[in-house]
Structure formats: C-alpha cells, structure tokens
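Analysis of the macromolecular model
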Amino acid sequence: AKAIDYYSKAAVISQKIDDLQSEAVWLGSIGGIYFEMGNYPEALKYTLNAIAIAEKTNNTRIIAFNSSVLGDIYFEMAKENKAREKEFFEKSITN
C-alpha cells in the first residue's frame, strides 16, 4: 500500500531529526495498516516498536492507543491459531 511507503518515509525522517513522538505515531500507523490488511505479524512488529519508542518519551497517549491495537492483534492471531488447530485436529482424526 502506498500509505505504508509514505508513513515509512515519515518515520525515517522523524528518526533522523530525533522526533521520537512522531516516529512512534508513524510506526503505529503502519502497524494499523498491516492490521487492517490482515498481516498480523507485521502489525505486531510495528505496534510493539511504536510502544517501545513511546515509552522512551513516556507518551502515555501513544502507549495506550497502541496497547489497545496490540490487544486486537493478539485477539486476531489467536483466532487464526484456533482455526489452524481445528484444521489439524480434523485432519488427524480422518487419517
């Protein structure tokens, strides 16, 4: 998605000018896009990175928002894992 490219460039610029708050926002936004696309591993990576950076500046708003997204990511990943477990179980009892 083009948004990921633009947000990635913005995150790099934020990092170069040592603007941790903006960097955390851009990384969290990238994580949100990956979440909406269903790419939960990438969403997890960017969201955790956003939280880690926000913790450096003690920005509780960014931490809270991304922690909420993190909960959604883990919830969706758990649903995927349950579906895989069910599929493997069904295959094992039919063979």
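The notes below deal with the structure included here. Bear in mind that the values here come from a model prediction, so they are computed numbers and not experimental data. (Residues numbered from 1 in each chain as written. Predicted model: local features only at pLDDT ≥ 70, side-chain atom pairs only at ≥ 80, totals over all residues. Heavy atoms only, no water.)

1. Quick notes on the packing of helix 2 (residues 20–37) against helix 3 (residues 40–56)
A pair of packed helices is captured by two measures, namely the crossing angle of their axes and the spacing between those axes. Two elements in contact, helix 2 and helix 3, have axes separated by 8 Å at closest approach and are oriented at 160°. Here helix 2 is positioned roughly antiparallel relative to helix 3, judged by the angle of their axes. The way helix 2 lies across helix 3 gives a crossing that is left-handed. Mapping the contact onto sequence places Leu20, Glu23, Ala24, Leu27, Gly28, Ile30, Gly31, Tyr34 and Phe35 in helix 2 and Tyr40, Glu42, Ala43, Tyr46, Thr47, Asn49, Ala50, Ile53, Ala54 and Lys56 in helix 3. (Axes fitted to C-alpha atoms, helices over the stretch in contact; angles between N-to-C directions. Helix = DSSP H or I, 4+ residues; strand = E, 2+ residues; numbered from the N terminus. Parallel < 35°, antiparallel > 145°, perpendicular 65-115°, else oblique. Left-handed = near helix turned anticlockwise from the far one by under 90°. Contact = heavy atoms within 4.5 Å.)

2. A look at the packing of aromatic side chains
Given two aromatic rings, their pairing is described by the distance between the two centres and the angle made by the two planes. By the definition in use, this model includes three aromatic pairs. Their ring planes at 40° and their centres at 5.2 Å tell us that Tyr7 and Trp26 sit as a pair that is tilted. Of this pair, Tyr7 sits in helix 1 (residues 2–16) while Trp26 sits in helix 2, and the two are 19 residues apart along the sequence. Tyr7 sits in the partly exposed class, given a relative accessible area of 27%. Seen from their ring centres, Phe35 and Tyr40 are 5.5 Å apart, and the 55° between their planes marks the pair as tilted. On the basis of relative accessible area, Phe35 is assigned to the buried category, the value being 17%. (Phe/Tyr/Trp six-rings, centres within 6.5 Å; stacked < 30°, edge-to-face > 60°. Buried < 20%, exposed > 50% of the residue type's maximum accessible area, 1.4 Å probe, protein only.)

3. Side note on helix 1
An α-helical turn contains 3.6 residues, so any two residues separated by three or four positions project in the same direction. With 15 residues, helix 1 extends 21 Å between its outermost C-alpha atoms, agreeing within 8% with the 21 Å of an ideal straight helix rising 1.5 Å per residue. Following helix 1 by one or two positions, Asp18 has its phi on the positive side, about 60°. (Expected span 1.5 Å × (residues − 1).)

4. A word on unusual backbone geometry
Positive phi is not limited to glycine here, since Asp18 has a value of about 60°. Topologically, Asp18 is positioned in the loop between helix 1 and helix 2.

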